[in-house]
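One-letter residues, chain by chain:
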Amino acid sequence: MDEARMNIAQGQMIGYHPLGEPHSSMFFCDQYNHALRRISHKGIVTTLAGTRNVNNGNNNNYDAEYGLEDGAGSQAKFYFPVGLDVDISSGRFYIADTGNQAIRMYDYGLNSVTTLSITGVTFAIPWGIVYDNLNNRLFVSDPDDGNGHIKVVDMNSVPAVVSRLNMISYNNLGDLVSPFYIQEPYGIVL
């Protein structure tokens, strides 16, 4: 029986109950194994997309293939995926594929990964990601784009349009202080 070796399980761990299945599972990005993985309610770990780690024969040092390829299951390739969120109504997971500077979508029902086609502002290091199901948007933290921005991906257009979230702040006297930057934002919640 294969061992489930994780190599920096990074970012949010998402609980999700797929339609037609009797129990919820936990989903997460296994960053250095370049994979999206699932832990069932019985503790069974499954690689859903990306490559399964393989023993290279070097003192239990495990390597995994990485890259930027769309496809089903192990045909898909990631490069340091970190952030993860799910649209529970569709079973689509959104992944901040940090090393590829891309946002990827995993469709649970189809067991397939696609790279979102985007226009507008690009990503330097997409890290945290959260899906806004009311407005069909993604918010993505990008800690290393020079100023540390939160970026918004409008999923209502094709290709999806990416823009920077304009933030303003007020000091304790109520005076407007602008512009407002977050130095190296990593995590993000909605």
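Shown above is the structure to which this text applies.
The rules behind each value
- Residues numbered from 1 in each chain as written.
- Predicted model: local features only at pLDDT ≥ 70, side-chain atom pairs only at ≥ 80, totals over all residues.
- Heavy atoms only, no water.
- Buried < 20%, exposed > 50% of the residue type's maximum accessible area, 1.4 Å probe, protein only.
- Helix = DSSP H or I, 4+ residues; strand = E, 2+ residues; numbered from the N terminus.
- Pairing = 2+ DSSP bridges.
- Axes fitted to C-alpha atoms, helices over the stretch in contact; angles between N-to-C directions.
- Polar contact = N/O pair within 3.5 Å; in protein donor to acceptor, adjacent residues only side chain to side chain.
- Salt bridge = Lys/Arg side-chain N within 4 Å of Asp/Glu carboxyl O.
- Core = buried A, V, L, I, M, F, W, Y, C linked by side-chain atoms within 4.5 Å.
- Contact = heavy atoms within 4.5 Å.

So, on to the pairing of strand β2 (residues 25–30). Along β2, five of the six residues are buried, which leaves the element largely enclosed by surrounding structure. Bridging between β2 and strand β3 (residues 35–39) involves five bridges; their strand directions are antiparallel. Bridged to Phe28 within β3 is Arg37. The loop that links β2 with its antiparallel partner β3 comprises four residues; one of these, His34, has a positive phi angle of about 55 degrees.

Moving on: the sheet that holds strand β9 (residues 92–97). The sheet built from five strands is open, its strands ordered β7-β11-β10-β9-β8 with antiparallel pairing. In the strand order of this sheet, the two ends are held by β7 (71–72) and β8 (81–87), each with one partner. Of the strand pairs in this sheet, strand β10 (residues 102–107) and strand β11 (residues 112–115) are connected by four bridges, and their pairing is antiparallel. Residue pairing for β11: Met105 is matched across the bridge by Thr114.

What follows deals with the sheet that holds strand β13 (residues 129–132). Reading across from one edge, β12-β16-β15-β14-β13 is the order of the five strands in this open sheet, with mixed pairing throughout. Bordering the open sheet on either side are β12 (118–120) and β13, each of which pairs with just one other strand. Taken pair by pair, the neighbouring strands of this sheet meet at an average axis angle of 25 degrees, ignoring direction. Two elements, strand β14 (residues 137–142) and strand β15 (residues 149–154), share six bridges in a ladder whose sense is antiparallel. Considered in β15, the bridge of Asp142 is made with His149.

Our next topic: the side chain of Asp142. For Asp142, the location among the structural elements is in strand β14. Among the residues examined, Asp142 registers a relative accessible area of 0% and is labelled buried. At a separation of 2.6 Å, a polar atom in the side chain of Asp142 contacts the main-chain amide nitrogen of Ile125. Engagement of the side chain of Asp142 in a polar contact is seen with the side chain of Lys151, the distance being 2.7 Å.

It is worth spelling out the pattern of salt bridges at this point. One pass over the full model with this rule turns up seven salt bridges. The closest approach of N and O atoms between Asp70 and Arg104, which form a salt bridge, is 3.1 Å. Pair noted here: Asp70 is in the loop between β6 (61–63) and β7 and Arg104 is in strand β10, with a separation of 34 residues, a long-range link. Of the charged contacts, one joins Asp142 and Lys151 as a salt bridge, the two residues approaching to 2.7 Å between their closest N and O atoms. Neither Asp142 nor Lys151 differs from the other in exposure class; each is buried.

What follows covers the nonpolar core. One finds Phe27, Leu36, Leu84, Phe93, Ile95 and Tyr106 to be the most contacted residues of the largest nonpolar core, which totals 16 residues. Within the residue set of this core, elements represented by two or more residues are β1 (9–16), β2, β4 (45–50), β8 and β9. Residues in contact with Ile95, not counting those within four places in the same chain, are Cys29, Leu36, Phe78, Pro81, Gly83, Leu84, Ala102, Ile103, Arg104, Tyr106 and Ile129. Judged by nonpolar contacts, the second largest core, of 14 residues, contains Leu116, Leu138, Val140 and Ala160.

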